[in-house]
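Given next are the chains, with one letter for each unit.
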Amino acid sequence: MYSMTTSAVPSPRGPVTRKDVARFAGVSTAVVSYVVNGGPKKVAPATEAKVQDAIRVLGYRPNAAARALKLGSSETLGLIVPDISNPFFSLFSHAVEDAAAARGYALVLSNSDGNLAKERRNVRNLAARQVDGVLLASVLFEPDLEVLETADIPAVLLNQERDAPGFNSVGVDLATGARTAVEHLIGHGHTNIGLAMGTNVSGSTDGRELGWREALQQAGLPEGPIAYSAFTRPGGYAAGQRLLASVNRPTAIFATSDMQGIGLLRAIHEAGLSVPGDIAVASFDGSADSEYSWPPLTTVEQPVVSMAEAAVGALVGAGRGEKPRHRIFPTTLHVRQSCGCP
């Protein structure tokens, strides 16, 4: 097997270059390029081993800035989400990273904390770094992305429930997903179903609230109490406390995120009530946490892997350069114990 020893290693002046690696391995700079970049031409295993050994011995580090200048691409995508600590966005971010890596792109992630000013600052920062595209889960339905348009950087909006003219976007039919969950609760015989509704700054009515209303109207049932709160565990906990204190206390509650659902479970347990015996619960998102809460949450799952693939593909895949369009994906109701099913 081919190997090198440090005793014969030269001491290049300044940073180690691709020419140094080529000279040390006894190959051309083009072969070094093929090994470093994984192509486009194949390299014989023995030759690749010599190049990799030379890279290791010399401590060569490819110059990403020079490569970006040569290619006219940073091979980097930017992703902005409201809160990476939310398991749904954590799962989504991981799926985006995998989809980007499969196409040879790195990912720069930032959080907006659901704050419009911070979201805009993050967008400006990504534009200044000349990323090849931005994926944005915005706090607005139609965010101002003029800074990206000026820099000719494409963007895809994530978590969008309806078409945003001029933008590529991906999302699910929130209303249909919510209606499915509420109809399931109605199927258990509940006639007073409350809503723990997450708040947003867009000013428009969330599709999950619309779906909750539609399911009740179609069943001829009155609307139960509503508690608005953040899409977080503390938000769900606070919403649960208000709903339980309602004069018209519901026998079932639909939470518009799994995090709210988990906070809601705590509020119910602290009140000395059982789930689903006293109050049934269903939620939205399909995060891993919903499966490991107690009891496990019945939840509407969003297909994050498929959405991530479509979003990245619209930026740097086969869909790049196509006319902007909105891609809607179906949700799936995962039935567990919190609704009353065995």
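About the thresholds
Residue indices follow the written sequence of each chain, beginning from 1 at its first position. Selection of residues for local features in this predicted model requires a pLDDT of at least 70, selection of side-chain atom pairs for listing and counting requires 80 or more, and totals for whole chains, interfaces and linings are taken over all residues. By convention in this description, side-chain values take in all heavy atoms of the structure and omit both hydrogens and water. Pairing between strands requires that DSSP locate at least two bridges from one strand to the other. The helix count covers DSSP runs of H or I at least four residues long, the strand count covers runs of E at least two residues long, and both are numbered beginning at the N terminus. Comment: axis = line fitted to C-alpha atoms, over the contacting stretch for helices; angle = value between 0 and 180 degrees taken between N-to-C directions. Contact between two residues is taken to exist if any of their heavy atoms lie within 4.5 Å; hydrogens are not considered. Roughly parallel means an angle under 35 degrees; roughly antiparallel, over 145; roughly perpendicular, 65 to 115; everything else is oblique. The hand of a helix crossing depends on one turn: near helix anticlockwise from the far one by less than a right angle means left-handed, and clockwise means right-handed. Three categories are distinguished: nonpolar for Ala, Val, Leu, Ile, Met, Phe, Trp, Tyr, Cys and Pro, charged for Asp, Glu, Lys and Arg, and polar for the others, with Gly belonging to the last. Ring geometry is summarised as follows: Phe, Tyr and Trp rings, the Trp one being its six-membered ring, pair when their centres sit within 6.5 Å, and such pairs are stacked at plane angles under 30 degrees, edge-to-face over 60 and tilted between the two. Residue burial is assigned from relative accessible area. The probe radius is 1.4 Å, only protein chains are included, and a residue is buried under 20% of its type maximum, exposed over 50%, and partly exposed in between. Two conditions define a charge located above a ring, namely a distance within 6 Å from the ring centre to NZ of Lys or CZ of Arg, and an angle within 35 degrees of the ring normal. Here, a salt bridge means any Lys or Arg side-chain nitrogen found within 4 Å of an Asp or Glu carboxyl oxygen.

1. A closer look at the sheet that holds strand β4 (residues 155-157)
Pairing within the open sheet is parallel, and its 6 strands lie in the order β2-β1-β3-β4-β5-β11. Every other strand in the sheet has two partners, leaving β2 (106-111) and β11 (326-329) as the edge strands with one partner each. The mean inter-strand angle of the sheet, taken between neighbouring strand axes irrespective of direction, is 20 degrees. Lying on the sheet, helix α6 (residues 116-128) is in contact with β1 (76-81), β2 and β3 (133-136); it crosses β1 at an angle near 175 degrees. Its contacts with the sheet place helix α13 (residues 304-316) against β1, β3, β4, β5 (168-172) and β11, and it is angled at close to 175 degrees to β5.

2. Here we look at the packing of helix α8 (residues 174-187) against helix α9 (residues 207-218)
Contact pair α8 / α9: the axes reach a minimum separation of 7 Å and the direction vectors enclose 40 degrees. Between α8 and α9, the interaxial angle falls into the category oblique. The element α8 and its partner α9 pack so that their crossing is right-handed. Here α8 contributes L174, A175, A178, R179, V182, E183 and I186 to the contact with α9, which in turn contributes G207, R208, G211, W212, E214, A215, L216 and Q218. Tallied by class, the residues present in the contact of α8 with α9 amount to 8 nonpolar, 3 polar and 4 charged.

3. As for the packing of aromatic side chains
Using the criterion set out here, one finds 2 aromatic pairs in the structure. Aromatic side chains F88 and F89 sit 5.1 Å apart centroid to centroid with 70 degrees between the ring planes, which places their arrangement in the edge-to-face category. The two residues F88 and F89 agree in class, both being buried. Measuring from ring centre to ring centre gives 5.8 Å for F88 and F92, while their planes differ by 70 degrees; the resulting arrangement is edge-to-face. Taken together, the residues span about one helical turn, with F88 and F92 both in helix α5 (residues 87-101) at a distance of 4 residues. Above the face of the F284 ring, R208 is positioned so that its terminal group lies 5.4 Å from the ring centre.

4. A look at unusual backbone geometry
A cis amide bond links V275 to the next residue, P276, at an omega of 10 degrees. Examined against the element boundaries, P276 turns out to sit in the loop between α11 (258-270) and β9 (280-285). With an omega of -5 degrees, the peptide bond between W294 and P295 qualifies as cis. On the secondary structure map, P295 appears in the loop between α12 (288-292) and β10 (298-301). Residues other than glycine seldom take positive phi values, yet D113 does so here, at roughly 55 degrees. Here D113 is to be found in the loop between β2 and α6. Not every positive phi belongs to a glycine, and Q130 is a case in point at roughly 55 degrees.

5. Observations regarding the pattern of salt bridges
With the rule as written, the count across this model stands at 11 salt bridges. Residue R162 pairs with E161 through a salt bridge whose shortest N-O separation is 3.8 Å. The network of salt bridges with common partners includes E209, R213 and E223.

6. Brief notes about the packing of helix α1 (residues 18-25) against helix α3 (residues 45-58)
In a pair of packed helices, the angle between the axes and the distance between the axes together describe the arrangement. Their axes nearest at 9 Å, the elements α1 and α3 cross at an angle of 120 degrees. The angle between the axes of α1 and α3 places the two elements in the oblique class. Seen along the crossing, α1 lies across α3 with a hand that is right-handed. In this structure, α1 contributes D20, V21, F24 and A25 to the contact, and α3 contributes K50, V51, A54, I55, V57 and L58. Its residues placed into classes, the contact of α1 with α3 shows 8 nonpolar, no polar and 2 charged.

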